[in-house]
Structures are given as structure tokens and as C-alpha cells.
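Secondary and tertiary structure notes
Each chain, letter by letter, is given below.
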Amino acid sequence: MSVIRRGDERFHYSDGSHKWIPPDPDYDQEAWDAMVRQHQLQHLEEISARRKPRPEGRTT
């Protein structure tokens, strides 16, 4: 699970899911999609950084 940081609210609904519809109907949808994808990558990087490496030889 990722943390919603200050400023991330514009990309999230109250349930934590991501907003794929721009907040302004005149906003370019492709640009918004790119911003949300970049935002999701930040979540993945945070999660990866928190994961501890598994001990050698362990597969589960």
C-alpha cells in the first residue's frame, strides 16, 4: 500500500483509487493520462523501496 502525499489528492478519489478523468473538462485527456501514469510509477517506486530483499535461497 502506498501513502497519499500532500498534493496527490488531485489524482485520488476518497477511496484511494486513481482519477482517470481530468478535474477540468477542458483539460487535455492525453496529458492527464500521462500525469496519472507518472503518479502511479511514483507509487510503485515507493513500494519497491520499502520492500526488503528475501534471504538467499528463499523463493516464497
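See the structure printed just above.
Residues numbered from 1 in each chain as written. Predicted model: local features only at pLDDT ≥ 70, side-chain atom pairs only at ≥ 80, totals over all residues. Heavy atoms only, no water.

**Remarks on helix H1 (residues 29-50)**
Spanning 22 residues, H1 covers 32 Å between terminal C-alpha atoms, matching the ideal 32 Å at 1.5 Å per step. Among all positions of H1, only Trp32, Asp33, Val36, His39, His43 and Glu46 are buried. The buried side chains of H1 occupy one side of the element, clustering within an arc of 140° when seen end-on. Opposite the packed face of H1, turned more than 90 degrees from it, sit the exposed residues Glu30, Leu44, Glu45, Ser48 and Ala49. A distance of 3.3 Å separates the backbone nitrogen of Glu30 from a side-chain oxygen at the start of H1, and that oxygen is part of Asp28. (Helix = DSSP H or I, 4+ residues; strand = E, 2+ residues; numbered from the N terminus. Expected span 1.5 Å × (residues − 1). Buried < 20%, exposed > 50% of the residue type's maximum accessible area, 1.4 Å probe, protein only. Arc of directions from axis to C-beta. Polar contact = N/O pair within 3.5 Å; in protein donor to acceptor, adjacent residues only side chain to side chain.)

**Digging into the side chain of His43**
Checked against the element boundaries, His43 lands in helix H1. We classify His43 as buried; its relative accessible area is 9%. Side chain to side chain, His43 and His12 meet in a polar contact 3.3 Å long.

**Thoughts on the pattern of salt bridges**
What the rule picks out here adds up to 2 salt bridges. For Arg5, the salt bridge identified is with Asp8, shortest N-O distance 3.5 Å. Since its relative accessible area comes to 33%, Arg5 is described here as partly exposed. For Asp8, a relative accessible area of 5% corresponds to the buried category. Of the charged contacts, one joins Arg5 and Glu46 as a salt bridge, the two residues approaching to 2.2 Å between their closest N and O atoms. Of the two residues, Arg5 sits in the segment before H1 while Glu46 sits in helix H1, which places them 41 residues apart along the sequence. Counted as one network, the salt bridges with shared partners bring together Arg5, Asp8 and Glu46. (Salt bridge = Lys/Arg side-chain N within 4 Å of Asp/Glu carboxyl O.)

**Points about the side chain of Asp8**
Along the chain, Asp8 falls in the segment before H1. Apart from residues lying up to four places away in sequence, Asp8 is in contact with Val3 and His39. (Contact = heavy atoms within 4.5 Å.)

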